[in-house]
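The residues making up each chain are set out below.
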Amino acid sequence: MKEQFFEKNVAITGIGQSEVGRPSSKSAMRLSLDAALEAIADAGLQRSDIDGIACWPGDNDNGNPFSPVGPSALMSVLGLKVNWYGAGYEGPGPLTGLINGAMAIASGLCKHVLVFRTITEASGRLKNKGASALTNKTVGRDGSYFWQWYTPFNVMSGINLMAQYAQRHFHDYGTTPEQLAQIAMTCRANAARNPKAVFHTPMTMDDYMASRMISTPLRMFDCDVHCDASTAIILSRADAAKDGPNAPIRLEAIGSALHQPWSWDQLSLTDMACFDVGRMMWSRTDLKPKDVGNAQLYDGFSILTMMWLEGLGLCPRGESGQFVEGGRRIALDGQLPINTNGGQLSGGRTHGLGYVHEACTQLWERAGERQVAPHRVAVAAAGGGPLGGSVLLVKE
């Protein structure tokens, strides 16, 4: 008998997103409510229908702008009566909440799960410019256990880690700055068609090359842009999904594997979690990379998008530079449109669920000026280093 995978019994039935501000005048809770209520209504549901709630990483640090609202607070404000709720940092990256919510449905705990992600780093940086820096995890407070081993070596920001992967990619595969630039330039071109995006000003190759070098070979325009926003997704049991106003978007396959140490400094510079994730995801479906009609790939730093292209088998390993060269293949009318809302580089660092939201927006053909050709299959992936998760989506 062919193995049955749990995620195929779960579908996305509604999506919602607050304004994307830099910063927003709204509180973190108001942003969360805006996204959640929009998603519930989009799914054709009432608050009383929601019997599960999840997010990543949750409010683990008393309102820290990285994740100021967790399930306990939001379900209290919404007045939800749930059979299951959960959050927590440890898991396969920013899509952990979605993966956990799907498991809650597949195990019979819930029928409709609200998954959300709220971030207010733009407001946080008004008070503390280092609000999102790695030093904030280690200097002046207990911080995360792992980071104490990194900061003595001047790893003061995520870009210091990512630059090592980029430099190795340049060295091993002949990747060039002009090729890497296509990720930032494509995201900016797509953001120009997205009313919610943080940046709309066109970016040329000269603009990219003139941007300040932060950690060689990564420049300022290789870094995502902080914002205040909340994104929400409604997951529903497959049989219940058929009753909604939208064509269900089934979770065809999930990738969440990590077959190497959970540590940024113990990973091979050529092997992030994305490769483990990709192998797992494709092992759970008969679909192939050629079937994907839009790819929303994590771009906390531009090199990560290229790593995800390779990790998910959307291009051969080591050839992402050649794949994106010139930008045609990854444009809105290209072979594989990526980050069609501007991604995090220009759209705003919604951190994880924003990719799923945009994938669904494209599948439901709601994207307006940035809409790509009609298709049924999309992929969303998020995370870097040892953090990584992906979901293959199919519109019924």
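That block above? That's the structure.
The model shown is predicted, which means the values in this text are computed figures rather than measured ones.

1. Notes on the overall build of the protein chain
So, point 1. Of the regular secondary structure elements, the protein chain holds 14 helices and eleven strands.
So, point 2. Considered along the principal axes of its C-alpha atoms, the protein chain spans approximately 50 × 50 × 40 Å.
So, point 3. In the protein chain, which comprises 396 residues, the proportion classed as buried is 61%.
So, point 4. Within the protein chain, residue pairs in contact and separated by at least 24 positions form 75% of the contacts whose partners lie at least 6 positions apart.
So, point 5. Distance between charge centres in the protein chain, computed from 35 positive and 37 negative side chains, equals 3 Å.

2. Here's the deal with the side chain of Gln362
So, point 1. For Gln362, the location among the structural elements is in helix H14 (residues 353–363).
So, point 2. For Gln362, the side chain forms a polar contact with the main-chain nitrogen of Val372, separated by 3.0 Å.
So, point 3. Setting aside anything within four residues of it in sequence, one finds Gln362 in contact with Asn294, Gln296, Thr340, Ala367, Arg370, Gln371, Val372 and His375.

3. Topic: the nonpolar core
Across soluble globular proteins, you tend to see nonpolar side chains buried next to one another.
So, point 1. Formed by 83 residues in total, the largest nonpolar core has its most connected members in Ile12, Met162, Leu235, Leu251 and Val356.
So, point 2. Counting residues per element, this core draws most heavily on helix H6 (residues 158–173), at seven residues.
So, point 3. Ignoring sequence-local partners within four residues, the contact set of Met162 consists of Leu218, Trp264, Met272, Phe301, Ile303 and Leu304.

4. Structural notes on the sheet that holds strand E8 (residues 249–255)
So, point 1. Taking strand neighbours across the sheet as the criterion, the nine strands line up as E3-E2-E4-E7-E1-E8-E11-E10-E9 in an open arrangement whose pairing is mixed. The outermost strands of the open sheet, each flanked by one partner alone, are strand E3 (84–86) and strand E9 (294–297). In this sheet, neighbouring strand axes are inclined to one another by 25° on average, regardless of whether the strands run parallel or antiparallel.
So, point 2. By the bridge criterion, three bridges tie strand E2 (residues 52–55) to E3 in an arrangement that is parallel. Counterpart to Ala54 in the pairing with E3 is Gly86.

5. A short note on the pairing of E2
So, point 1. Burial along E2 is two-sided: Gly52 and Ala54 and Ile53 and Cys55, pointing in opposite directions, are all buried.
So, point 2. Once you follow E2 into helix H2 (residues 71–78) and on to E3, the crossover reads as right-handed.
So, point 3. Pairing analysis gives four bridges linking E2 to strand E4 (residues 112–120), with the strands arranged parallel. Looking across to E4, one finds that Ala54 is bridged to Val115.

6. Describing the packing of helix H1 (residues 28–42) against H2
So, point 1. At their nearest, the axes of H1 and H2 sit 11 Å apart, and the two run at 65° to each other. As summarised for this structure, H1 and H2 are arranged roughly perpendicular, according to the angle between their axes. Read as a crossing pair, H1 and H2 show a hand that is right-handed. For the pair formed by H1 and H2, the contact residues are Met29, Ser32, Leu33, Ala36 and Leu37 on the first element and Ala73, Leu74, Val77 and Leu78 on the second.

Rules used in this analysis
- Residues numbered from 1 in each chain as written.
- Predicted model: local features only at pLDDT ≥ 70, side-chain atom pairs only at ≥ 80, totals over all residues.
- Heavy atoms only, no water.
- Helix = DSSP H or I, 4+ residues; strand = E, 2+ residues; numbered from the N terminus.
- Buried < 20%, exposed > 50% of the residue type's maximum accessible area, 1.4 Å probe, protein only.
- Contact = heavy atoms within 4.5 Å.
- Lys, Arg positive; Asp, Glu negative; His and termini not counted.
- Charge placed at Lys NZ, Arg CZ, Asp CG, Glu CD.
- Polar contact = N/O pair within 3.5 Å; in protein donor to acceptor, adjacent residues only side chain to side chain.
- Core = buried A, V, L, I, M, F, W, Y, C linked by side-chain atoms within 4.5 Å.
- Pairing = 2+ DSSP bridges.
- Axes fitted to C-alpha atoms, helices over the stretch in contact; angles between N-to-C directions.
- Right-handed = clockwise from strand over helix to strand, strands pointing away.
- Parallel < 35°, antiparallel > 145°, perpendicular 65-115°, else oblique.
- Left-handed = near helix turned anticlockwise from the far one by under 90°.

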